[in-house]
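Chains, contacts and geometry: an overview
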Amino acid sequence: MPSLADAGPDTALGRRPWIAKLAKYSAASLAGVVSSTSTLFLMLEVFDVAPVPANITAVTVGAVPNYLINRAWTFNKRGAHSFTREVLPFWGMAILGLIISTFAVAWAAGRYDENTFILMIANVGSFGLLWVGRFFILDRLLFKPLADILEEHEDAEGHFHLHTEPADEPSR
């Protein structure tokens, strides 16, 4: 079975690049889950931090490796980070996950007497709900190569049209 790193054109993964990308995204997400749940556990059990601040810390810690791994490995982005095209939207999604998971953790803490295992499930489950949507947002918007975006708006003569009408139809 080919590895994700060797998903060349002659492999099953190479013929279906979105499968390799989805598998890499899953692995990067797993790294984020391990980082965030480990942090959540430490904050709750070792440092005796209340559930909501512990969750905020855990989500923040988990988002950093998730962003860096996804950017470099899953979506093959190198060079300078674009604040407006990459960093800001990624953190916007992370904050959405933070809000949802914080509500889930706060609810679970009140309902299940701050049971650490239940709080960790609430945290991971919240991000599980967002997982599929985040993949498509990252793949289609955030880390899409600029060349692909420009190609979508180029007509047969090489002129760029950044409006929604097809390039071969005249504007009215």
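Refer to the preceding data block for the structure.
None of the values given here were measured: they were computed from a predicted structure. (Residues numbered from 1 in each chain as written. Predicted model: local features only at pLDDT ≥ 70, side-chain atom pairs only at ≥ 80, totals over all residues. Heavy atoms only, no water.)

1. Points about the packing of helix α3 (residues 51-74) against helix α4 (residues 83-111)
Axis separation between α3 and α4 bottoms out at 9 Å; the angle between their running directions is 145°. The two elements α3 and α4 cross, and the hand of that crossing is right-handed. Seen from α3, the contacting residues are Pro-51, Val-52, Asn-55, Ile-56, Val-59, Thr-60, Ala-63, Val-64, Asn-66, Tyr-67 and Arg-71; seen from α4, they are Glu-86, Val-87, Phe-90, Trp-91, Ala-94, Leu-98, Ser-101, Thr-102, Val-105, Ala-106 and Ala-109. Residues belonging to the contact of α3 with α4 are distributed by class as follows: 15 nonpolar, five polar and two charged. (Axes fitted to C-alpha atoms, helices over the stretch in contact; angles between N-to-C directions. Helix = DSSP H or I, 4+ residues; strand = E, 2+ residues; numbered from the N terminus. Left-handed = near helix turned anticlockwise from the far one by under 90°. Contact = heavy atoms within 4.5 Å. Nonpolar A, V, L, I, M, F, W, Y, C, P; charged D, E, K, R; others polar.)

2. Some thoughts on a negative patch on the surface
There is a patch of like negative charges on the surface, built from Glu-45, Asp-48, Asp-113 and Glu-114. Considering the arrangement of structural elements, one finds Glu-45 in helix α2 (residues 17-46). With relative accessibility at 44%, the residue Glu-45 sits in the partly exposed group. (Patch = residues over 30% accessible without salt bridge, like charges linked within 9 Å, V, L, I, M, F, W, Y side chains within 5 Å. Areas by Shrake-Rupley, 256 points an atom, 1.4 Å probe, with all protein chains shown as cover. Salt bridge = Lys/Arg side-chain N within 4 Å of Asp/Glu carboxyl O. Lys, Arg positive; Asp, Glu negative; His and termini not counted. Charge placed at Lys NZ, Arg CZ, Asp CG, Glu CD. Buried < 20%, exposed > 50% of the residue type's maximum accessible area, 1.4 Å probe, protein only.)

3. Looking at the pattern of salt bridges
Summed over all chains, the structure comprises two salt bridges. Ionic pairing is found between Glu-86 and Arg-71, a salt bridge with its closest N-O pair at 2.6 Å. Here the residue Glu-86 occupies a position in helix α4, and Arg-71 occupies one in helix α3, the gap between them amounting to 15 residues. The shortest N-O distance in the salt bridge between Lys-77 and Glu-86 comes to 3.6 Å. The pair formed by Lys-77 and Glu-86 is uniform in burial state, with each residue classed as buried. Among the ionic contacts, a cluster of salt bridges with common partners joins Arg-71, Lys-77 and Glu-86.

4. With respect to the packing of aromatic side chains
Here the structure, examined in full by the defined rule, presents three aromatic pairs. Look at Trp-107 and Tyr-112: their rings are 6.0 Å apart centre to centre, the planes differ by 75°, and that puts the pair in the edge-to-face class. (Phe/Tyr/Trp six-rings, centres within 6.5 Å; stacked < 30°, edge-to-face > 60°.)

5. Details of the nonpolar core
Formed by Leu-40, Met-43, Leu-44, Ala-54, Ala-58, Val-105, Ala-108, Ala-109, Leu-119, Met-120 and Ala-122, the largest nonpolar core amounts to eleven residues. Looking at this core, the elements with two or more residues in it are α2, α3, α4 and α5 (116-142). Excluding residues that lie within four positions of it along the chain, Ala-122 makes contacts with Ala-104, Val-105 and Ala-108. Formed by nine residues, the second largest nonpolar core is a distinct cluster that contains Tyr-25, Phe-75, Phe-90 and Met-93. (Core = buried A, V, L, I, M, F, W, Y, C linked by side-chain atoms within 4.5 Å.)

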